[in-house]
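# Structural features, examined
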Amino acid sequence: MYEDNILKDLWCIHILLICTLRGLIHQLWSSYNNMFFLTRNRWIKQQGVDFKQIDDEWDWDNFIILQAMLASMASLIFPSLNTLPLWNLKGFIASLLLHVTISEPLYYWAHRFFHKPYLFNHYHSLHHSSPVPHPFTAGHATPLEHLVLCTVIGIPITGSILMGYGSTAMIYGHVLVFDFFRCLGHSNAEVVPHEVFNKLPLLRYFIYTPTYHSLHHTEMETNFCLFMPLFDALGSTLNTKSLELHKKITSNSGKNGRVPDFVFLAHVVDIMSAMHTPFALRSFASTPFCMRMFLLPFWPLTFIIMLVMWGWSKTFLFSFYNLRGRLHQTWVVPRFGFQYFLPFATKGINKHIEEAILRADRLGVKVISLAALNKNEALNGGGTLFVNKHPELKVRVVHGNTLTAAVILNEFSKDVKEVFLTGATSKLGRATALYLCRKRVRVLMLTSSTERFQKILKETPVDCQNYLVQVTKYQAAQNCKTWIVGKWITPWEQSWAPSGTHFHQFVVPPILPIRRDCTYGDLAAMRLPPDVEGLGSCEYTMERGVVHACHAGGVVHQLEGWSHHEVGAIDVDRIDLVWEAALKHGLKPVSSVNN
């Protein structure tokens, strides 16, 4: 588009395309690294990438912008670059020779100088501040280091062109292969099998591995090379543990890794939120989910993936973190929210949940907690189906609803005397009503079933029964400013609430906040203790470090070492006990009021 002559000056198109492809290479490597269900047995470092590292590496692509600017300047200064042929085999050979004889040794010695005290403290320490290697770590460096890399990557390209062997394909190929190997070296998952080096021993000096470069980040006085360990061997800086560690990691790739102490068994909510995953966009997954316009073009692809998952996928590892030496993982049932309401799909969903529970039992997992729809009463009785079917289970199955009820009940101010409850005869509704009436709070229970209301009433102490009132219409709550929503309500139904009402809720999905004169609570949640390690993704719409109460309930169950299953009806007598245990272990309630 320079001087309105886009056909003559193609350099701008080429630079834009190269930048796009470079970003794509880094993104694909990032996606692979975050596909824990594929890479979990080949991790080099066992810790996860946390929010701090993600924020520090947020602008990892600055080097692409810098090099695009330099390439633009070169194209303007040397117009002859626009006349390069598409292909020239001699150019590829020349660039390879120049890379091996000039770029590799130049980078090696420059890298060693960057580890001298002054240069390291003022420049290179930024790159080493990332505790877990990741493809985006390759771009996390200071401008001076990026300029050195510009020189290293530019010498073979410039040399080939000056020799008269330059071509467009050579420029594309050299830059993209360079980035590919940079991402490979900063991967936290080993991809090079050690059998290759057993069959071709000399190859170990001509190509590095993720394990090889990770040792440079842990033992910083060794393994300085760009891509070829030969120069470390010549400079006496080759880490002697490189080959042994590489063999150990790749040999264990077929074995099960560390057994988690706790598993949260989640599910996909909908097609849009399915893109809120670390292996899609790491930065997006590190913030609470919300609808973004850039997601819309990917909707058709995600829909196709949903159909594939429906037909062939199994429960998979989604994320993990460490808490006080214990490994906590999130597994995902490959089903979307709407599928749980299809009568013909329930059998398959229960099969996935059952297989996940049995797998956790075989591995030696201590506690597995069921997320929202995975513990649906109509689906499997809140988990009772699996416990009754497999009475010998060692893993404790937990629905986490006791803590969910505790979170909701502890949101109330002490001066509340009356509440309006929808979903009143559900598992959480029943527990909430029974708890509040014991506290002498009048509960207007919205239900058309007198039979179910009477059943709950019989569980109530005689002196508290007058605090439970059955109502059948929303109009009954037009003077009540505290609503507990356990069943989805329409905007028209919300209109019966008086001005100033606060809507507490445990309904999935949350109700629409249409009343500007009212306040709305989020789903029950708790903040994990501050000593949690390796947490780098948000749980759906929750803030960083915040998890759903059913997730937190499983964490408390595991930390306390309780030996019972928590399935079926909620034990109202345990609500305060579970709440106190959560606070004791450092979990904190989250303010759920949004104006």
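Remember, it's a predicted structure, so these values are computed and weren't measured experimentally.

### Some words on the overall build of the protein
- When helices and strands are tallied, the protein shows 23 helices and 15 strands.
- Taken along the three principal axes of its C-alpha coordinates, the protein extends 95 × 60 × 50 Å.
- Look at the contacts in the protein between residues 6 or more apart in sequence, and 70% of them connect residues 24 or more apart.
- Just so you have it, the protein exposes about 27900 Å², and 63% of that area is on carbon and sulfur atoms.
- Separation of charge centres in the protein, based on 53 positive and 44 negative side chains, amounts to 5 Å.

### Observations concerning the pairing of strand E4 (residues 367–370)
- Of the two faces of E4, the one carrying Val367 and Ser369 and the one carrying Ile368 and Leu370 are both buried.
- Where strand E1 (residues 262–267) and E4 come together, four bridges link them in parallel fashion. Bridge pairing links Phe264 to Ser369 in E4.
- Of the strand pairs in this sheet, E4 and strand E5 (residues 396–398) are connected by three bridges, and their pairing is parallel. When the sheet's bridge partners are listed, Ser369 is paired in E5 with Val398.

### Describing the packing of helix H18 (residues 401–409) against helix H23 (residues 575–584)
- For the pair H18 and H23, the least separation of the axes is 9 Å and the interaxial angle reads 85 degrees. Classified by the angle between their axes, H18 and H23 sit roughly perpendicular to one another. Of H23, the residues touching H18 (which contributes Thr402, Leu403, Ala405, Ala406, Val407 and Leu409) are Ile575, Val578, Trp579 and Ala582.
- Considered class by class, the residues forming the contact of H18 with H23 number nine nonpolar, one polar and no charged.

### Here's the deal with the UniProt feature "domain: Very-long-chain aldehyde decarbonylase CER1-like C-terminal" (unreviewed entry) in the protein
- Per the UniProt annotation, the sites labelled "domain: Very-long-chain aldehyde decarbonylase CER1-like C-terminal" (unreviewed entry) are residues 419–589.
- The span residues 419–589 is 27% helical and 19% strand by assignment, and the distance between its end C-alpha atoms comes to 21 Å.

### Structural notes on the environment of Lys394
- Looking at the secondary structure, you find Lys394 in the loop between helix H17 (384–389) and E5.
- When the C-alpha atoms of Lys394 and Gly364 are compared, they prove to be 7.8 Å apart, with 30 residues separating the residues in sequence.

### Thoughts on the domain arrangement of the protein
- Its domain assignment divides the protein into domain 1 (1–44 + 57–252), domain 2 (262–398) and domain 3 (410–525).
- A separation of 29 Å is found between the C-alpha centroids of domain 2 and domain 3.

### Description of the pairing of E1
- Among the six residues in E1, six count as buried, and that is most of the element.
- In E1, alternate side chains face the same way, and those of Phe262, Phe264 and Ala266 on one face and Val263, Leu265 and His267 on the other are all buried.
- Relative to strand E3 (residues 326–333), E1 is paired through six bridges, and the arrangement is parallel. Bridging from a neighbouring strand, His267 pairs with Val333 of E3.

### Regarding the side chain of Glu566
- Mapped onto the elements of the fold, Glu566 is located in the loop between helix H22 (549–560) and H23.
- The buried charged residue Glu566 lacks any salt bridge partner; its closest oppositely charged side chain belongs to Arg574, at an N-O distance of 6.3 Å.
- A polar side-chain atom of Glu566 sits 3.3 Å from the main-chain amide nitrogen of Asn401.
- Engagement of the side chain of Glu566 in a polar contact is seen with the side chain of Thr402, the distance being 3.0 Å.
- Leave out the neighbours within four places in its chain, and Glu566 touches Val397, Val398, His399, Gly400, Asn401, Thr402 and His557.

### A short note on the packing of aromatic side chains
- One pass over the full model with this rule turns up 28 aromatic pairs.
- Taking 4.8 Å as the distance between ring centres and 40 degrees as the angle between the ring planes, the aromatic pair formed by Trp87 and Phe92 counts as tilted.
- The class for Trp87 is exposed, based on a relative accessible area of 56%.
- For the ring pair Phe284 and Phe294, a centre distance of 5.5 Å and an interplane angle of 75 degrees mean the geometry is edge-to-face. In this pair, Phe284 is assigned in helix H13 (residues 282–285) and Phe294 in the loop between H13 and helix H14 (299–312), connecting sequence segments ten residues apart.
- The class for Phe284 is buried, based on a relative accessible area of 3%.
- Members of the aromatic cluster, connected to one another through ring pairs, are Trp29, Tyr32, Phe178, Phe180, Phe181, Tyr208 and Phe227.
- Over the ring of Trp331 we find Arg359, and its NZ or CZ is 4.6 Å from the ring centre.
- Taking the ring centre of Trp562 as reference, the NZ or CZ of Arg574 above it sits at 4.8 Å.

### What about the nonpolar core?
- Among the nonpolar cores identified, the biggest contains 67 residues, and Leu403, Leu468 and Ile575 are the most heavily contacted of them.
- Two domains each provide a minimum of three residues to this core, namely domain 2 (262–398) and domain 3 (410–525).
- Excluding residues that lie within four positions of it along the chain, Leu468 makes contacts with Ala433, Cys437, Val443, Met445, Phe453, Ile456, Leu457 and Thr460.
- Core analysis: the second largest hydrophobic core is formed by 27 residues, Trp43, Ile349, Ile353 and Ala360 among them.

### What about the environment of Asn374?
- Mapped onto the elements of the fold, Asn374 is located in the loop between E4 and helix H16 (377–380).
- Judged by its relative accessible area of 0%, Asn374 is buried.
- In this structure the C-alpha to C-alpha distance between Asn374 and Gln494, which are 120 residues apart in sequence, comes to 28 Å.
- Those residues in contact with Asn374 that lie beyond four places of it in its chain are Leu265, Ala266, His267, Val333, Tyr340, Ile353, Leu379 and Asn380.

### Things to note about the layout of surface pockets
- In this structure, the second largest pocket encloses a volume near 980 Å³.
- Lining the second largest pocket we find 32 residues, and of these Ala71, Ala74, Leu81, Ile157 and Ile171 sit closest to its centre.
- Sorting the residues of the lining of the second largest pocket by element identifies helix H1 (11–34), helix H4 (62–77), helix H7 (143–162) and helix H8 (168–185) as the ones contributing at least two each.
- In terms of residue count, the dominant contributor to the lining of the second largest pocket is H4 (nine residues).

What counts and how
Residues numbered from 1 in each chain as written. Predicted model: local features only at pLDDT ≥ 70, side-chain atom pairs only at ≥ 80, totals over all residues. Heavy atoms only, no water. Helix = DSSP H or I, 4+ residues; strand = E, 2+ residues; numbered from the N terminus. Contact = heavy atoms within 4.5 Å. Areas by Shrake-Rupley, 256 points an atom, 1.4 Å probe, with all protein chains shown as cover. Lys, Arg positive; Asp, Glu negative; His and termini not counted. Charge placed at Lys NZ, Arg CZ, Asp CG, Glu CD. Buried < 20%, exposed > 50% of the residue type's maximum accessible area, 1.4 Å probe, protein only. Pairing = 2+ DSSP bridges. Axes fitted to C-alpha atoms, helices over the stretch in contact; angles between N-to-C directions. Parallel < 35°, antiparallel > 145°, perpendicular 65-115°, else oblique. Nonpolar A, V, L, I, M, F, W, Y, C, P; charged D, E, K, R; others polar. UniProt positions renumbered as here; feature names shortened; annotations may be inferred. Domains from an automatic or database assignment. Salt bridge = Lys/Arg side-chain N within 4 Å of Asp/Glu carboxyl O. Polar contact = N/O pair within 3.5 Å; in protein donor to acceptor, adjacent residues only side chain to side chain. Phe/Tyr/Trp six-rings, centres within 6.5 Å; stacked < 30°, edge-to-face > 60°. Lys NZ or Arg CZ within 6 Å of the ring centre and 35° of its normal. Core = buried A, V, L, I, M, F, W, Y, C linked by side-chain atoms within 4.5 Å. 1 Å grid on protein atoms, 1.4 Å probe; cavity = no way out; pocket = protein on both sides within 12 Å on 5 of 7 lines; lining within 4 Å. Points joined across faces, edges and corners; volume = space filled by probe spheres on them.

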